[in-house]
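# Close look at the chain arrangement
If you want the building blocks of each chain, they are given just below.
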Amino acid sequence: MEIGAYSFGDTQRNADGSLRSTTEAIQNLFAAIVHADKAGLDYFGIGEHHTTTMPASSPGAMIAAAAAATTQIKLGSAASIISTDDPVRIYQQFATADAISGGGRVEITAGRGSSVETFPLFGYDLAEYDELYAEKLDLLMTINDAQTEEVTWSGTKRPSIQDLAVVPRPVSGKLPIWLATGGNAASSARAGQLAMPVSYAIIGGAPHRFAPLADLYRRAGAAAGHAPEALKVSVAALGLIAPTKKEALERFYPGWHNLNVEMGRLRGWPAPDKRAYDAQAEAPGAYYVGSPDEVAERIVHLHGYLGHMRHFLQMDIGGLPQEHLLESITLLATEVKPRVERLLAQK
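What comes next is a walk through the structure. In this text the structure is predicted, and so the values were computed from the model without any measurement. (Residues numbered from 1 in each chain as written. Predicted model: local features only at pLDDT ≥ 70, side-chain atom pairs only at ≥ 80, totals over all residues. Heavy atoms only, no water.)

### Some remarks on the packing of aromatic side chains
Applying the stated criterion across every chain yields a total of 9 aromatic pairs. Between tyrosine 43 and phenylalanine 312 the ring centres are 5.0 Å apart and the planes differ by 75 degrees, which places this aromatic pair in the edge-to-face class. Note that tyrosine 43 is positioned in strand S2 (residues 43-46) and phenylalanine 312 in strand S12 (residues 310-314), a separation of 269 residues in sequence. Residue tyrosine 43 is classed as buried on the basis of its relative accessible area of 1%. Measuring from centroid to centroid gives 5.2 Å for tryptophan 256 and tyrosine 277, while their planes differ by 50 degrees, and the two rings are tilted. Here tryptophan 256, found in helix H8 (residues 245-267), pairs with tyrosine 277, found in helix H9 (residues 274-280); they are 21 residues apart in sequence, far enough to count as distant. Overall, tyrosine 277 belongs to the buried group, its relative accessible area being 1%. Joined through ring pairs, the aromatic side chains of Tyr6, Phe8, Tyr43 and Phe312 make up one cluster. One cation-aromatic arrangement involves arginine 310 over tyrosine 43; the distance from NZ or CZ to the ring centre is 4.0 Å. (Phe/Tyr/Trp six-rings, centres within 6.5 Å; stacked < 30°, edge-to-face > 60°. Helix = DSSP H or I, 4+ residues; strand = E, 2+ residues; numbered from the N terminus. Buried < 20%, exposed > 50% of the residue type's maximum accessible area, 1.4 Å probe, protein only. Lys NZ or Arg CZ within 6 Å of the ring centre and 35° of its normal.)

See below:
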């Protein structure tokens with residue numbers, strides 16, 4: 001199983017709680033990716049967000065920079081909000097990063113966008129949420145499936161393309177394109193029908209409850225005639241690793257609280273309740289917060305339900321100190337990953 005991390009960028013805070021610069025947040029994110037590569041993580045994803053607390057607004061730019069500074073780690077968006085961006089530009093940016101990486105290390109994860117601030121920012125109508133996603137996903141897949149640089153495509157939400165070059169092409173000719181979903185059954189079925197690998201964002205509830213969706217995904221893929229090995233599942237979750245469970249819980253909680261206060265302001269969420277945090281941080285909750293042994297055991301437990309091939313964690317939320325993020329990355333790569341491999345081999 002591949003073990004990794006993802007981030008939306010995390011703006012640090014001063015001692016009085018005020019935000020530090022978004023420039024520093026991007027510099028910290030870059031440093032974390034380079035550190036993850038050296039530590040031996042398999043994957044690092046950058047999720048597109050456009051807020052002062054989560055400023056990773058340009059995954060393609062970050063991935064291109066990271067591709068030049070790393071040698072082994074896979075890099076991808078987690079996710080790119082294709083509904084409010086241009087799939088041609090997304091593809092060109094990621095194909096460029098793929099070339100810089102030497103090929104085979106860059107992926108796109110196509111998302112609808114739970115952070116709907118992109119709609120007013122780029123001048124799109126939120127009422128067209130579904131139509132924009134479906135059409136732009138079709139364009140993105142058409143570009144990826146093209147046998148040459150010249151692409152032809154037509155739609156209603158974006159001007160059509162007639163035998164126009166979309167360059168550069170990826171080193172291998174195609175990029176891995178994942179479909180991101182937070183648990184929508186139609187998205188799982190769509191991914192299976194298209195033989196797209198599916199990435200489940202599980203940020204609440206009991207993760208094993210996604211098993212019926214993974215089963216639906218594989219059944220839809222089989223019904224469409226796709227081979228089982230073409231159907232891949234990954235899980236994105238919240239979590240933090242520390243030498244002890246107590247340390248992990250204490251380190252992760254302030255950022256969790258800050259994040260939920262911010263989301264309450266943006267989206268009308270209720271005030272954060274520590275009892276909810278404690279419940280989600282214990283099995284079978286959605287937060288992978290604990291020691292290396294506990295986190296490894298919980299990942300393997302979920303694998304028994306989902307059969308997923310990648311598990312990656314968002315650790316830097318709400319102003320988590322950079323040193324805690326880097327330590328968590330090290331523990332994830334050097335202690336959690338080998339434990340997961342050993343436990344899976346024993347099954």
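What follows picks up the thread again.
### Quick look at the packing of helix H10 (residues 292-306) against helix H11 (residues 322-345)
Running from N to C, H10 and H11 point in directions that differ by 45 degrees, and their axes come no closer than 9 Å. By the angle between their axes, H10 is oblique relative to H11. Note on packing geometry: the crossing formed by H10 with H11 is right-handed. Every residue of H11 that contacts H10 at Pro292, Asp293, Val295, Ala296, Glu297, Ile299, Val300 and His303 is listed here: Leu331, Glu335, Val336, Arg339, Val340, Leu343 and Leu344. (Axes fitted to C-alpha atoms, helices over the stretch in contact; angles between N-to-C directions. Parallel < 35°, antiparallel > 145°, perpendicular 65-115°, else oblique. Left-handed = near helix turned anticlockwise from the far one by under 90°. Contact = heavy atoms within 4.5 Å.)

### Looking at the nonpolar core
Across soluble globular proteins, nonpolar side chains show a tendency to be buried alongside one another. The biggest cluster of nonpolar side chains holds 95 residues, and the ones touching the most others in it are Leu41, Phe44, Tyr200 and Met315. It is H11 that provides the largest number of residues to this core, a total of 8 residues. What leucine 41 contacts, discounting residues up to four positions off in sequence, is Ile3, Gly4, Ala5, Ala36, Ile73, Ile329, Leu332 and Ala333. (Core = buried A, V, L, I, M, F, W, Y, C linked by side-chain atoms within 4.5 Å.)

### Structural notes on the environment of threonine 53
Mapped onto the elements, threonine 53 comes out in the loop between S2 and helix H2 (59-69). Looking at threonine 53, the relative accessible area reads 10%, which means it is buried. Note: C-alpha distance between threonine 53 and serine 160 (107 residues apart in sequence) is 36 Å. In this structure threonine 53 touches Gly9, Asp10, Thr11, Arg13, Leu19 and Glu262, once residues within four positions along its chain are discounted.

### Observations regarding helix H1 (residues 22-39)
In an α-helix, one full turn covers 3.6 residues, which means residues spaced three or four apart are oriented alike. For H1, with 18 residues, the first-to-last C-alpha span of 25 Å sits near the 26 Å given by 1.5 Å per residue. Turning to H1, its buried residues are Glu24, Ala25, Asn28, Leu29, Ala32, Ile33, Val34, Ala36 and Asp37. As for H1, its buried residues are in contact with strand S1 (2-7), S2, H2, strand S3 (74-77) and H11. Trailing H1 by a residue or two, glycine 40 shows a phi angle of about 105 degrees, which is positive. (Expected span 1.5 Å × (residues − 1).)

### Observations concerning the pairing of S3
Looking at chain direction, S2 and S3 are connected through 4 bridges and run parallel. Paired with isoleucine 46 across the strands is serine 77, a residue of S3. The β-α-β motif built from S2, the intervening H2 and the parallel element S3 has right-handed crossover chirality. (Pairing = 2+ DSSP bridges. Right-handed = clockwise from strand over helix to strand, strands pointing away.)

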